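# Summary of structural features
What follows is each chain in one-letter form.
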Amino acid sequence: MAAVTPALHADIRDKRYARARGAQSHIALAGLSLEIAAGELVALVGPSGCGKTTFLNIVAGLDRDYVGEVRLAARPDGCPARVGYVFQEPRLLPWRTVHENIALVLPPDRADAIVRDMLTAVGLAGAHDLYPPQLSVGMSRRVAIARAFAIEPDLLLMDEPFVSLDHDTVEQLRELLLKLWRARPTTVLFVTHDLREALMLADRLVLLSAPPAHVVGEVPVSLARSRRHSGPEIELLRDEVLRQHRELIGSAATSAPR
Amino acid sequence: MSVSTAQRASWLRAVSLAQRIGSLALLIAIWQITAEALDSRMLPAASAVFIELARLCADGALPFNLGITLARVAAAFLVAMAVGTAIGIAMGRSRTLDALFDSWLVLLLNLPALVIIVLAYVWFGLTEAAAIGAVAVNKIPAVAVTLREGARALDRNYSQMAQSFHVGRWRTLRHVILPQLYPYLFAAARSGLALVWKIVLIVELLGRSNGVGFEIQLYFQQFDVTGILAYTIAFVAVIQLIEWVIFQPLERRAGRWRP
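In this report, we go over the structure that sits alongside the text.

## Some remarks on the sheet that holds strand S1 (residues 8–17) of chain A
Residues and elements named next belong to chain A. Reading across the sheet, the 3 strands line up as S2-S1-S4 and stay open at both edges, with antiparallel pairing between neighbours. Unpaired on one side and paired on the other, strand S2 (26–36) and strand S4 (67–72) mark the two borders of the sheet. On average, each strand axis in the sheet is tilted by 15 degrees relative to the strand beside it, whichever way the strands run. One ladder, built from 6 bridges, connects S1 with S4; its direction is antiparallel. Opposite Ile12, over in S4, you have Gly68 as the bridge partner. Contacts between helix H1 (residues 52–59) and the sheet are confined to S1, S2 and S4, with S1 contributing the most and set at about 120 degrees to the helix.

## A short note on the interface of chain A and chain B
How large an interface is tends to be reported as the accessible area lost when its parts come together. Each partner contributes residues to the interface: chain A has 24 residues there, and chain B has 17 residues. Approximately 2000 Å² of surface area, both sides summed, lies buried where chain A meets chain B, with 63% of it carried by carbon and sulfur atoms. Among the residues chain A hides against chain B, the three largest losses belong to Arg91(A), Trp95(A) and Leu104(A). Together they make up 34% of the total. The tally of links from chain A across to chain B stands at 0 salt bridges. Joining chain A to chain B, the criterion identifies 8 residue pairs in polar contact (both at pLDDT 80 or more). Counting residues per element, the ones that place at least two in the side of chain A that touches chain B are strand S5 (83–86) and helix H4 (137–150) of chain A.

## Some words on unusual backbone geometry
Residues and elements named next belong to chain B. Although it is not a glycine, Asp39 adopts a positive phi angle of roughly 50 degrees. Among the secondary structure elements, Asp39 is positioned in the loop between helix H1 (5–38) and helix H2 (46–58). By relative accessible area, Asp39 is classed as exposed at 68%. Of note, His166 is a non-glycine position whose phi angle comes to about 55 degrees, a positive value. The residue His166 is located in the loop between helix H7 (156–164) and helix H8 (169–207) in this model.

Basis of the calculations
- Residues numbered from 1 in each chain as written.
- Chains lettered and ligands numbered in written order.
- Predicted model: local features only at pLDDT ≥ 70, side-chain atom pairs only at ≥ 80, totals over all residues.
- Heavy atoms only, no water.
- Pairing = 2+ DSSP bridges.
- Helix = DSSP H or I, 4+ residues; strand = E, 2+ residues; numbered from the N terminus.
- Axes fitted to C-alpha atoms, helices over the stretch in contact; angles between N-to-C directions.
- Contact = heavy atoms within 4.5 Å.
- Buried area = accessible area lost by both parts, 1.4 Å probe.
- Salt bridge = Lys/Arg side-chain N within 4 Å of Asp/Glu carboxyl O.
- Polar contact = N/O pair within 3.5 Å; in protein donor to acceptor, adjacent residues only side chain to side chain.
- Buried < 20%, exposed > 50% of the residue type's maximum accessible area, 1.4 Å probe, protein only.

Have a look at this one:
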């Protein structure tokens, strides 16, 4: 295969948090190295608290205090890559309307048209003038996803965006995400501790260890997305992954079958 | 049929307004009766004060002096809010600045208003700038302390969101930071206005040749309580009007997103 520049190349050799009063520092990431090809949807799977959010914050440029390197492929026009971020909580500004929340991240001259498109695409065409406290949790997540897609990201980071939602809402949001992703192809790094969710969404799973986090395995998922509707095939895949990676048992495996 | 919440709210507002008017009417009635019973130059009747108020309005002296004093209040208020907010945010965001200047703030907070005013006049002369500056310096530390609290309470999650989406500095300030500070700004503005207008009168009394404070000094020399009370009523009414016409609508606007 020809050497194509990956959309994301990350090699975090060391990331640690200082503890108060000179106690030993907490090592969050050690030798976490990862490459994602353009257009790939990769799920980063690991136990809760293993440093996945820390990793995303480093990739997003929010955290520069680490040893290692992060390279994002430049856009075709030479501009630096745009990164969209869907946080674990929607992080919408409660004092701005839904429309204003999305417009905030866009160039002002084109914002209105893009916001209209995106809200229609996530099924919230009637919600422009609502304030976030008026939205249901599912609607808030939709707005957060719309905001991330609105900037036409080269890399989309998603940090357990469907955590603590009811089953039906999660199902709908997953469908929505895949629909948006097909219509607006981009590279996605999706963080989750739910192995089943990862298998339903991703082209490839990257499995992380308990802290200090590093990659312990990779699982390509070749099953067509149309056949991943939580049927027996997903369960089979899941069992196989768990067999090969016993270290995941006790974290991802504990989530009860649905 | 249940009454809608909007109807209920406007009904409650009407009741509370009626209570206020009734309470004020009671005060004026007690004042009138007491004054008539005492029949002393030291306590003129309410009716006499209101007649004097009307006369002063008609001959233009009161509107002129009131206007000058309000202009000083506005200038000192704006300077104090701007400088105090900047200092407060800087100290709330930076531990170093906070450690460096916290004691200065405490010192300023405890400095009597009169000392600041006298020193300002001694050092900078009996000028308009010295007068307004002295009032502002009296208010700045309180604004800074309030806004420092606000800056410390800023939610890092929103800042991270703005940073990761490359929302520019100015837009971040306007849409992300300031809305979080509004409650603190309003608190500082409210107590600020209450303090500033009282100190402006002292500044005028000590070193200006016009304004409400200066007029009150003239009446004081003549023991003319009627004039003093007429000016006081006009001034208090205008300050209350500012609260109703400017602060409350602004605050409602800033809080309209709250469910």
